[in-house]
Amino acid sequence: MADSSGNSEEAEGRALGTSTGAGSGDGGIKEQDRLLPIANVGRIMKQMLPPNAKISKEAKETMQECVSEFISFVTAEASDRCHKEKRKTVNGDDICWALGTLGFDDYAEPMRRYLHKYREVEGDRSASNGLNTRSSNFGTGDGQTLFDDMDRNDPSTSRRY
Amino acid sequence: MDQPGHATPPLMGVAAGVPYAGGGPYQAYQHLFHQQQQQQQQQLQLFWADQYREIEQTTDFKNHSLPLARIKKIMKADEDVRMIAAEAPVVFARACEMFILELTHRSWAHAEENKRRTLQKNDIAAAISRTDVFDFLIDIVPREEEKEDVARPLGAPPTDPMSYYYVQQ
């Protein structure tokens, strides 16, 4: 049941910020699972600093928390919009839209560009392997879902900004 | 970014050649604070231009600096989220990278103001409190933001009051 689409235990674990996974027989998210790996986070941070700079462990941990919060924050907004438009799948456009709506103006445009390029590169692949049976209303394949069950009954409506 | 961040110009010390037009220590700090802010703004503009350019040159969408599966897990922690298109974690991987870079950049400015070469949690707290778009992070660093520089621009001197008057060698 670990891979359910989100049960209350998972949400609770996240809200409490503590590990509900250890020894609980698990429906909850383990502490490590709700954070991105500290090594990756630290590496990216380093790119932004002078060569002789150091980063305290606490700072890296704080950054981990911030990134997870960022993902949750943006996802919630994107997901809300999907609900309103009666769509079941959160896609890249939703993320870009949410970034813009939440005030990350400097992110929205570059990410739209990134998404566009991604679709150009990956779109051919997913369209040709037959998995993408949902209508790609954007004109380019938007990739198959990561979940096992594809929602074939969901004609995702396209929208333009 | 596959190279260390460009060396930031010194934020400490009065920039050579920029006349400071008098007043007491309070005005001096205000002046310097605004100078630093302007410099930081410029750096951030360059940063965003860099990011855009890098994205234009991206061709590899297979290798990411952050694990897609983990991103997906974090997204799924939200009960209301059902299906996630494959492209969504891909977009997030890049967006999170930008987020980390920006927050680090802003935090580092605070470390430099305090003449430290080690980035600390309170630097991140300061960056969060100074940046409106990061308001949603306020709960992650609750007390820290009060300790440091909320008061400082109003006149509380940094560790070494005279440091601002040293010209960077």
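Residues numbered from 1 in each chain as written. Chains lettered and ligands numbered in written order. Predicted model: local features only at pLDDT ≥ 70, side-chain atom pairs only at ≥ 80, totals over all residues. Heavy atoms only, no water.

Trainee: Go over the overall build of chain A with me, naming the residues and quoting the values.
Mentor: Scanning chain A for helices and strands turns up five helices and two strands. For chain A, the α and β elements follow one another from N to C terminus as α-α-β-α-β-α-α. Going through the 161 residues of chain A one by one, you find that 49% of them count as buried. Counting contacts in chain A only where the partners sit at least 6 residues apart, residues at least 24 apart contribute 34% of the total. (Helix = DSSP H or I, 4+ residues; strand = E, 2+ residues; numbered from the N terminus. Buried < 20%, exposed > 50% of the residue type's maximum accessible area, 1.4 Å probe, protein only. Contact = heavy atoms within 4.5 Å.)

Trainee: Provide a residue-level description of the overall build of chain B, including the pertinent values.
Mentor: Along the backbone of chain B there are five helices and two strands. Listed N to C, the secondary structure of chain B is α-α-β-α-β-α-α in terms of helices and strands. For chain B, the residues scored as buried account for 51% of the 169 residues in total. Within chain B, counting contacts between residues at least 6 apart in sequence, those at least 24 apart form 59% of the total. In the form shown here, chain B has an accessible surface area of approximately 8,100 Å², with 53% of it arising from carbon and sulfur atoms. (Areas by Shrake-Rupley, 256 points an atom, 1.4 Å probe, with all protein chains shown as cover.)

Trainee: If you had to explain the environment of M98 of chain B to someone new, which residues and values would you point to?
Mentor: When you line up the elements, M98 of chain B lands in helix α3 (residues 87-113). Sequence separation between M98 of chain B and W48 of chain B is 50 residues, and the spatial gap between their C-alpha atoms is 9.0 Å. Apart from residues lying up to four places away in sequence, M98 of chain B is in contact with D106, Y107, P110 and M111 of chain A together with F47, W48 and Q51 of chain B.

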